[in-house]
Number of protein chains: 2
Amino acid sequence: MARTKQRMLDAGVDMLMITDPANMNYLTGYDAWSFYVHQMLIVMLDEEQPIWVGRGQDASAAEYTTWLDGGHIIPYGDHYVQSAVRHPMDFVCDLLKERKRDKQTIAVELDAYYFTARSYMQLTQGLPDAKFKDGTNMVNWVRIIKSDQEISYIKKAAEISEKAMHVAFETINEGVRECDVVAAISHAQIRGTEDFGGDYPSIVPLLPTGEKTSAAHLTWTDDRFKHGDPAIIELAGCYRRYHSPLARTVVIGQPNDDMKYVSDVVVEGINAVLDAVKPGISCEELEIIWRQVIERRGIKKESRMGYSMGLNYPPDWGEHTASLRPGDRTILEPNMTFHLIPGIWMDNMGVEISESFLVTETGCKVLADFPRELYVKPNIRLA
Amino acid sequence: MARTKQRMLDAGVDMLMITDPANMNYLTGYDAWSFYVHQMLIVMLDEEQPIWVGRGQDASAAEYTTWLDGGHIIPYGDHYVQSAVRHPMDFVCDLLKERKRDKQTIAVELDAYYFTARSYMQLTQGLPDAKFKDGTNMVNWVRIIKSDQEISYIKKAAEISEKAMHVAFETINEGVRECDVVAAISHAQIRGTEDFGGDYPSIVPLLPTGEKTSAAHLTWTDDRFKHGDPAIIELAGCYRRYHSPLARTVVIGQPNDDMKYVSDVVVEGINAVLDAVKPGISCEELEIIWRQVIERRGIKKESRMGYSMGLNYPPDWGEHTASLRPGDRTILEPNMTFHLIPGIWMDNMGVEISESFLVTETGCKVLADFPRELYVKPNIRLA
């Protein structure tokens, strides 16, 4: 809250309206699958507690999960829900007028998933005397450096990601349906460990197979794996909304030469980047190290090769702040966490091998302990 | 496409920009977890094929999953992704200017989840000669009456929902962790049946327990169930993005009198509504039938008690069109599908028992075949 208010002060705003569920959770603990209706957290510079505004039937979730007192949990009536004639933001406008807060400078998260164009129109029309500024990612940037508690959550998530990837490798095989592999992965993700349970990851397991490995974000079908099929498995462990993503590529049978070559280059690039990570280096410098490795080996990649990650809700576990790509001059600091995912997608195949890492005082710690290589099934070392 | 274009014609628009992933899927088949970056389908009244615009690395997913030819799949560069200095909608503006489409009347889905305020600002600023209209739910209303193929998908989803609820009932017990119950549910949802696999539901299993049953949209923890705990289980089966939701309430041990009473009333109310469903009746008339039953028994409920459902992506399986509530005069027609979920949430407890149904020529067909009652565990009939 203090660091958020400092950013508000620097930006010259009296009030910040937060609709990003991760930011709502970060500041208050609020945690429920209620972001499919409009809801909001209003942070006022001059008040200790923010105000939660949401649907009536979700007010008790705010009571159970946040540190806010009852007076700061303000539900709107159900007739505002998905209505063609009234909008929850009208309720917010009325609330601010009632409290004589309608002439202030208000930051809104203009490019957050659940802040629709209609929400903004209703606010600007309903509060004609207010001044609006862009507060996109204002809290996200506060979140980029994790507390020790957050890191302990992410480490638990990493343990879950290891278990889930092991289950994926054990399950995948010739003749097995894609959906049965993902069912086993999902079971492992949610079960967690003996000591702690898992939460739902913000992205379901991705499992492009065969030549569809060239399509990064496909999910799964009920087709059966065939001999020779490659498959990409991208998943995350999640603990209390904190993620640790992990991707690997597997081939059932013998990988072709392209697949082997690209995998080797990707692993070499990842190793070079991980060796270079330390406080003080910038995101774009890390990307250059990666690019030099792969270009020397004749491979080009246009897309970003990593991003800050941690706390989030569907549809993304990325934090929308720093990206490992050209032009991003964010300087790495201890307790930042990144997903390093230099996926290579070609016309008829793709390779993804990734690591999530924590920036330490002197370098980095890779979060999941999992062999960094193209996995071939059946794996003779396991046989 | 034809019915969408008819609605565009009626609304006086040349072009419809679609960002709702369910509407993109409905019109083209597009199916990938790529809605965490900006993407869009542009339907032009005078062109047979719509244009898919999305991130470069997702273009191959469009090739694999849609009926569009390559010329209608237009990727933007990765430097537009989550950038503070450029926005994917700038790319869309340039595209329309290039094609001399920048002076047309354009409908946008102003209140769709992934159409942000920033998206709308970039479009209106980048296309100053275009005229913008609200196209929220334009395609959703086309979707409200399902084809036979869609109904066959929803029936498969219903089979999965039965299996998942059976697994939930078998697994839940004193001493079991909540996460382990949900892991089993999720496994059943994704595994599907021997004959067909399951897809990811747009909402994860909801599992409020104990007095938290008063909070409708809580997910789960790793706490262990105690003797006497009630729990609400709300889940859906999903097949190829089509849903069939189902909710039940379970008590471990003996239910208290309130829980028994409320459950009986809810079941009585559901039965009365299902008896009344037929083509020609309106949504609000169904709600009145429900309300009369429960008020006679001394229970009040403010929130809507059902909604149209079917095809969707996170964060919702509802369709955002017809709701069973006061003031909704939508007339039921054959091949509409609803989730009838008259949840009752009180101060310290809640009861959810729901059914999904298909409107038929003469009445309705309940989609899942599952005992409609408060479930008490251990259940002597199963013992």
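Residues numbered from 1 in each chain as written. Chains lettered and ligands numbered in written order. Predicted model: local features only at pLDDT ≥ 70, side-chain atom pairs only at ≥ 80, totals over all residues. Heavy atoms only, no water.

- An unreviewed UniProt entry lists chain A under the name Ectoine hydrolase DoeA, with Virgibacillus siamensis given as the organism.

What about the relation of the copies chain A and chain B?
Here is step 1 of the chain: Mapping chain A onto chain B calls for a rotation angle of 180 degrees and an axial translation of 0.0 Å; the resulting RMSD is 0.0 Å. Taken together, the rotation and translation relating the two chain copies correspond to the operation of a two-fold axis. Closest approach to the rotation axis within chain A is made by the C-alpha atom of A117 of chain A, at a distance of 1.9 Å.
Here is step 2 of the chain: Residue by residue, 100% of the interface of chain A is reproduced at the interface of chain B, so both copies engage with the same surface. (Least-squares fit on C-alpha atoms with pLDDT ≥ 70 in both. Contact = heavy atoms within 4.5 Å.)

Considering the domain arrangement of chain A
All names here are of chain A.
Here is step 1 of the chain: One can read the domain layout of chain A as domain 1 (2–143) and domain 2 (148–377).
Here is step 2 of the chain: The C-alpha centroid of domain 2 is placed 33 Å from the C-alpha centroid of domain 1.
Here is step 3 of the chain: Taken residue by residue, the interface counts 16 residues in domain 1 and 15 residues in domain 2.
Here is step 4 of the chain: Taken together, the two surfaces of domain 1 and domain 2 that pack against each other cover about 1300 Å², and 57% of this comes from carbon and sulfur.
Here is step 5 of the chain: Of all residues in domain 1, the largest losses of buried area upon contact with domain 2 belong to Y113, W141 and R143, amounting jointly to 38% of the total for that side.
Here is step 6 of the chain: Along the contact surface separating domain 1 from domain 2 lie one salt bridge.
Here is step 7 of the chain: In this structure, the salt-bridge partner of R143 is E319, at a minimum N-O distance of 4.0 Å.
Here is step 8 of the chain: There are nine residue pairs in polar contact (both at pLDDT 80 or more) connecting domain 1 and domain 2.
Here is step 9 of the chain: Elements with a contribution of two residues or more to the side of domain 1 that touches domain 2: α2 (21–28) and α6 (138–143).
Here is step 10 of the chain: No other element matches α2, which puts four residues into the side of domain 1 that touches domain 2. (Domains from an automatic or database assignment. Buried area = accessible area lost by both parts, 1.4 Å probe. Salt bridge = Lys/Arg side-chain N within 4 Å of Asp/Glu carboxyl O. Polar contact = N/O pair within 3.5 Å; in protein donor to acceptor, adjacent residues only side chain to side chain. Helix = DSSP H or I, 4+ residues; strand = E, 2+ residues; numbered from the N terminus.)

Observations regarding the packing of aromatic side chains
Here is step 1 of the chain: Here the structure, examined in full by the defined rule, presents 39 aromatic pairs over all chains.
Here is step 2 of the chain: Note on Y113 of chain A and Y114 of chain B: the rings are 5.9 Å apart at their centroids and 80 degrees apart in plane angle, and the pair reads as edge-to-face. Of this pair, Y113 of chain A sits in the loop between β5 (105–108) and α5 (117–126) while Y114 of chain B sits in the loop between β5 (105–108) and α5 (117–126), on two different chains. Note on accessibility: Y113 of chain A and Y114 of chain B belong to one class, buried. (Phe/Tyr/Trp six-rings, centres within 6.5 Å; stacked < 30°, edge-to-face > 60°. Buried < 20%, exposed > 50% of the residue type's maximum accessible area, 1.4 Å probe, protein only.)

A short note on the UniProt feature "domain: Peptidase M24" (unreviewed entry) in chain A
Here is step 1 of the chain: Per the UniProt entry, the sites bearing "domain: Peptidase M24" (unreviewed entry) are residues 153–361 of chain A in this numbering.
Here is step 2 of the chain: Strand forms 21% of residues 153–361 of chain A and helix 32%; the C-alpha atoms that close the span are 19 Å apart. (UniProt positions renumbered as here; feature names shortened; annotations may be inferred.)

Considering the side chain of N25 of chain B
Residues and elements named next belong to chain B.
Here is step 1 of the chain: Examined against the element boundaries, N25 turns out to sit in helix α2 (residues 21–28).
Here is step 2 of the chain: Of note is the side chain of N25, whose polar atom sits 3.4 Å from the backbone oxygen of Y30.
Here is step 3 of the chain: At 3.1 Å, the side chain of N25 forms a polar contact with the side chain of Y313.
Here is step 4 of the chain: Filtering out sequence-adjacent residues up to four positions away, N25 remains in contact with Y30, D31, R241, L311 and Y313.

Considering the packing of helix α7 (residues 148–171) of chain A against helix α8 (residues 178–191) of chain A
Residue and element names in this part refer to chain A.
Here is step 1 of the chain: It is at 8 Å that the axes of α7 and α8 come closest, and there the two elements cross at 155 degrees. With respect to each other, α7 and α8 are oriented roughly antiparallel. For α7 against α8, the interelement crossing comes out right-handed. Contacts between α7 and α8 pair I160, K163, A164, V167, A168 and T171 from the former with D180, V181, A184, I185, A188 and Q189 from the latter. (Axes fitted to C-alpha atoms, helices over the stretch in contact; angles between N-to-C directions. Parallel < 35°, antiparallel > 145°, perpendicular 65-115°, else oblique. Left-handed = near helix turned anticlockwise from the far one by under 90°.)

Some points on the sheet that holds strand β4 (residues 73–76) of chain B
Pairing between the strands of a sheet is mediated by backbone hydrogen bonds and can be parallel or antiparallel.
Residue and element names in this part refer to chain B.
Here is step 1 of the chain: Across the sheet, which stays open at both edges, the six strands sit in the order β4-β3-β2-β1-β5-β6 with mixed pairing between neighbours. Each of the sheet's edge strands pairs with one partner strand only, and the pair in question is β4 and β6 (131–134). This sheet shows a mean twist of 25 degrees between the axes of neighbouring strands, independent of strand direction.
Here is step 2 of the chain: When strand β1 (residues 15–18) meets β5, the two strands line up parallel, connected through three bridges. Across the sheet, residue M15 finds its bridge partner in β5, namely I106.
Here is step 3 of the chain: Helix-sheet contacts for helix α1 (residues 2–11) involve β1, β2 (40–44) and β6, and the interaxial angle to β2 is about 70 degrees. (Pairing = 2+ DSSP bridges.)

With respect to the interface of chain A and chain B
Here is step 1 of the chain: Between chain A and chain B, the residue contacts involve 76 residues of the former and 76 residues of the latter.
Here is step 2 of the chain: Per-residue buried area on chain A facing chain B is highest for W33, Y64 and H217 of chain A; these three make up 12% of the total on that side.
Here is step 3 of the chain: The interface formed by chain A and chain B includes two salt bridges.
Here is step 4 of the chain: Between R118 of chain B and D134 of chain A there is a salt bridge, with its nearest N and O atoms 2.7 Å apart.
Here is step 5 of the chain: If you look at where chain A meets chain B, you find 55 residue pairs in polar contact (both at pLDDT 80 or more).
Here is step 6 of the chain: Elements with a minimum of two residues in the side of chain A that touches chain B: α3 (59–65), α5 and α8 of chain A.
Here is step 7 of the chain: The dominant element in the side of chain A that touches chain B, judged by the number of residues it contributes, is α8 of chain A, at nine residues.
Here is step 8 of the chain: Within the side of chain A that touches chain B, the residues separate by chemical class into 32 nonpolar, 23 polar and 21 charged. (Nonpolar A, V, L, I, M, F, W, Y, C, P; charged D, E, K, R; others polar.)

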